[in-house]
Amino acid sequence: MKQTDSLKRLEMPNENKNNEYVNYENKLKPMLDFETEELKSLYLRHELSLLKMAEKEAWDYLVRFGAWNFEPGESFPCGKVLTGEWYIGTISLEDDEQIYGSIEMRFTAYYQSPTARMPVDDYLGMDFFFYYDPETDTFIFDCFNTSSI
C-alpha cells in the first residue's frame, strides 16, 4: 500500500458462535470478551466512534513510525507490504474501578512466493487500548501494543 492510501476495515463473514480465536484464514467474526451485559451495551453504543478512533490512531502510528520509509525485511512494520485492510480479532471491556478495554486490530499483508502463507495473510497486530470517561460519556485512546501475527 502507499502512504497516500487509506485503511479499510474488513467485516469477516463467518459467525463465531464458540467465541474462538480469530485469524485471516478462518475469517471469523470477532471474539467478544465483555465482563457484563452492561459493558457490552456500553461498547455497542460507542462502537462506531471507537472503530473510527482506532483506525485514525493506527494510521497516525504507522505514519509517525515511518513504516513507508523501509523496504520489506528492513523494519517491522513495513507499510509497503500492507494491503491496507484490517479486521477485528478480539474486543474486550472490563470494569476494575475504571472501565477500560481493547480492540485487537489485525492488519493483512502481501506475501511473495514461495511462502507457507497465503498470498494475503495476517501481518501486524495492533491492540488499541482505551478507557471510559463517565462524566463525558466518551472513550479515550490510551495506547497501542503491536506485534507480528
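Higher on the page you've got the structure.
Criteria and thresholds
Residues numbered from 1 in each chain as written. Predicted model: local features only at pLDDT ≥ 70, side-chain atom pairs only at ≥ 80, totals over all residues. Heavy atoms only, no water. Helix = DSSP H or I, 4+ residues; strand = E, 2+ residues; numbered from the N terminus. Rg over C-alpha atoms; globule rule 2.2 N^0.38 Å. Contact = heavy atoms within 4.5 Å. Areas by Shrake-Rupley, 256 points an atom, 1.4 Å probe, with all protein chains shown as cover. Pairing = 2+ DSSP bridges. Phe/Tyr/Trp six-rings, centres within 6.5 Å; stacked < 30°, edge-to-face > 60°. Buried < 20%, exposed > 50% of the residue type's maximum accessible area, 1.4 Å probe, protein only.

A. Main features of the overall build of the chain. A count of helical and extended segments in the chain gives 1 helix and 6 strands. Its helices and strands in sequence order give the chain the pattern β-β-α-β-β-β-β, from N to C terminus. The C-alpha radius of gyration computed for the chain amounts to 16 Å, which stays within 12% of the reference 15 Å derived for 149 residues, consistent with globular compactness. For the chain, the spread of C-alpha atoms along the principal axes amounts to about 50 × 35 × 20 Å. Taking all contacts inside the chain whose residues are at least 6 apart in sequence as the whole, residues at least 24 apart take part in 53%. When the accessible surface of the chain is summed, it comes to about 8600 Å², and 48% of that surface belongs to carbon and sulfur atoms.

B. Inspection of the pairing of strand β5 (residues 120-133) at higher detail. Note that strand β4 (residues 99-110) and β5 share 11 bridges and pair antiparallel. From the neighbouring strand, Glu-104 faces β5, where its bridge partner is Asp-127. As defined by bridge partners, β5 adjoins strand β6 (residues 138-148) across 10 bridges and the pair is classed as antiparallel. Its bridge partner being in β6, Tyr-131 is matched across the sheet by Ile-140. In this antiparallel pair of consecutive strands, β5 and β6, the connection spans 4 residues, and Asp-137 shows a positive phi of 55 degrees.

C. Inspection of the environment of Tyr-43 at higher detail. Mapped onto the secondary structure, Tyr-43 falls in helix α1 (residues 37-65). C-alpha of Tyr-43 to C-alpha of Phe-139: the two residues are 96 residues apart in sequence and 9.4 Å apart in space. When neighbours within four sequence positions are excluded, Tyr-43 is seen to be in contact with Phe-34, Leu-50, Leu-51, Ile-91, Leu-93 and Ile-103.

D. Representation of unusual backbone geometry in the model. Look at the link from Phe-76 to Pro-77: it is a cis peptide, with omega at 0 degrees. Relative to the elements of secondary structure, Pro-77 occurs in the loop between α1 and β3 (82-95). The backbone of Asn-19 shows a phi angle near 55 degrees, a positive value even though the residue is not glycine. The backbone of Glu-97 shows a phi angle near 75 degrees, a positive value even though the residue is not glycine. Residue placement: Glu-97 occurs in the loop between β3 and β4.

E. Structural context of the packing of aromatic side chains. The tally for this structure, following the rule as stated, stands at 14 aromatic pairs. A ring pair is formed by Phe-34 and Tyr-43, whose centres lie 5.5 Å apart and whose planes are at 40 degrees; its orientation type is tilted. As far as the burial class goes, Phe-34 and Tyr-43 line up, both buried. Ring geometry for Tyr-132 against Phe-139: centres 5.0 Å apart, planes inclined by 50 degrees, an arrangement best described as tilted.

F. Focus on the environment of Met-12. Tracing the sequence through the fold places Met-12 in the loop between β1 (8-9) and β2 (31-34). Its relative accessible area of 7% is what places Met-12 among the buried residues. With 10 residues separating them along the chain, Met-12 and Lys-2 place their C-alpha atoms 24 Å apart. Setting aside residues up to four positions removed in sequence, Met-12 forms contacts with Tyr-24, Lys-27, Leu-28, Lys-29 and Tyr-87.

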